[in-house]
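# Geometric and topological summary
Below are the chains, spelled out letter by letter.
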Amino acid sequence: MPKRRPKGDIKLRFSRGKEPLRFSDLRELYLQAYAWKGLPAEMQRKRLHEMQEKFLLLKGLFDRLNAGEQVNVVAASQGIPPGTLGRWWHGRHLPKIISPNYIHSSVDQRLKHLSEAGLKNPKIGYVLGVRMTGHLSSYVNKRGSVTILSSVKSGSVERELRNAQKEVFAYHMKSRNRKMDRFTAAEDKASSVQVASFLNKATLFGSHIPHKFLKEKEARKQFAMALVDSNAFPFQRKKPGRKTQTGGIRFKTKNRELKDYLSKILSEFGIKNNPRGGPILSRKGKWSEFKKDTLYLRGKVYEVFIPKTSLGKFRKEIGFRDPRKAKVLDSMISQS
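Presented here is a report on the structure given in the accompanying data block. As a convention, each chain's residues are numbered from 1 in the sequence order in which they are written. Thresholds applied to this predicted model are a pLDDT of at least 70 for local features of residues and 80 or more for the giving and counting of side-chain atom pairs; totals over whole chains, interfaces and linings are not thresholded and use all residues. With hydrogens and water stripped out, all remaining heavy atoms of the structure feed into the side-chain values.

By size, the foremost hydrophobic cluster in this structure holds 51 residues, and its most contacted members are F198, F223 and F314. A helix here means a DSSP run of H or I that spans at least four residues, while a strand means a run of E at least two residues long, and both kinds are numbered starting from the N terminus. The dominant element in this core, judged by the number of residues it contributes, is helix α9 (residues 217-231), at seven residues. Non-local contacts of F223, meaning those with residues more than four positions away in its chain, are made with G125, Y126, L128, G129, M132, I209, P210, L214, L258, Y261 and I265. Listed in part, the 26 residues of the second largest apolar core include L21, M51, F62 and A75. Side-chain atoms within 4.5 Å link the members of a nonpolar core, which is a set of buried Ala, Val, Leu, Ile, Met, Phe, Trp, Tyr and Cys residues. Categorising residues by exposure relies on relative accessible area from a 1.4 Å probe, with only protein chains included: less than 20% of the type maximum marks a residue as buried, more than 50% marks it as exposed, and the intermediate range marks it as partly exposed. Contacts were defined at the residue level, with two residues in contact if any of their heavy atoms lie within 4.5 Å.

This part is about unusual backbone geometry. Within the chain, H93 stands out as a residue other than glycine whose phi angle is a positive 55 degrees. With respect to the element layout, H93 can be found in the loop between α4 (82-89) and α5 (100-120). You can call H93 exposed: its relative accessible area is 59%.

Relative to the 18 Å expected for 13 residues at 1.5 Å per residue, helix α7 (residues 157-169) spans 17 Å between its end C-alpha atoms, a close match to the ideal helical length. Among all positions in α7, only V157, E158, L161, A164, Q165, V168 and F169 are buried. Along the axis of α7, the buried positions cluster into a sector of 130 degrees, meaning they face one direction only. Residue A170 follows α7 closely and has a positive phi angle near 55 degrees. Each helix should span, by expectation, one fewer than its residue count multiplied by 1.5 Å. It is the directions from the helix axis to the C-beta atoms that the arc portrays.

Nothing here speaks to function; it is all geometry.
So this is what it looks like as structure tokens:
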């Protein structure tokens, strides 16, 4: 016959008057601690099912102990050492899968450490900037392990990114080159649940600007550097009927707030720029657009344009790490 599931919440009642552990509390703790891994819903449900099965097993054992059965007898029936069962019953050293202490120690404390490291080092701005452009992502395989993957043009962003994340997180990323249609991409990989969780939580999976880590001017500068390294390109062209070339630097994104924020940072460093695709909105303006369902438009591309007259200032304050972009920028400035 199939097992009958208990109705309502499940409680583990320990000995010596220790507070019971509710499965609902454990479930919420797990979701808060691990949701930022980006695990697929089906995988999370499977994990929660395994947690519930272990929870029910211990509840059955504890019910027998609380009813007066001997620890040795109950432990022998499940092939568990009596000392282990005794510690579980006293609320100590629970199995890792249902241990609140383990969940806290393995995730929360390390995330706290990463946050503190990020707040201290302005280069976190560069790491989070690459994350916001979509060039730094975390993936979960079928076994639930995490891979942090950056895939950017070789010889540009990946070198700066690798140095920045190593300085901030003290974590080594393995690098290799991969041939693409038009260029060679550098793939940097790191298998760290904690770093992946931090990146996802700080930026809400790359969709929200991590203002908490950008309070210092140097961190904002690093953030802008990452954005232009990843998604901005210098260009020049001749228009019909004109002898001189026109051009500048164009940054493109589908994130309207990112466009606005980069424009503000550039202005902060004295770099004139033109945000395109809609005006920079105030809080009141954002709320008004949101109510009209026009704040975020699918397929809409936003742009920040830096004219040729501001290229010298841009090179001095922000610049490019990509040698090819830097060479084009130098050429454009010399022709001005």
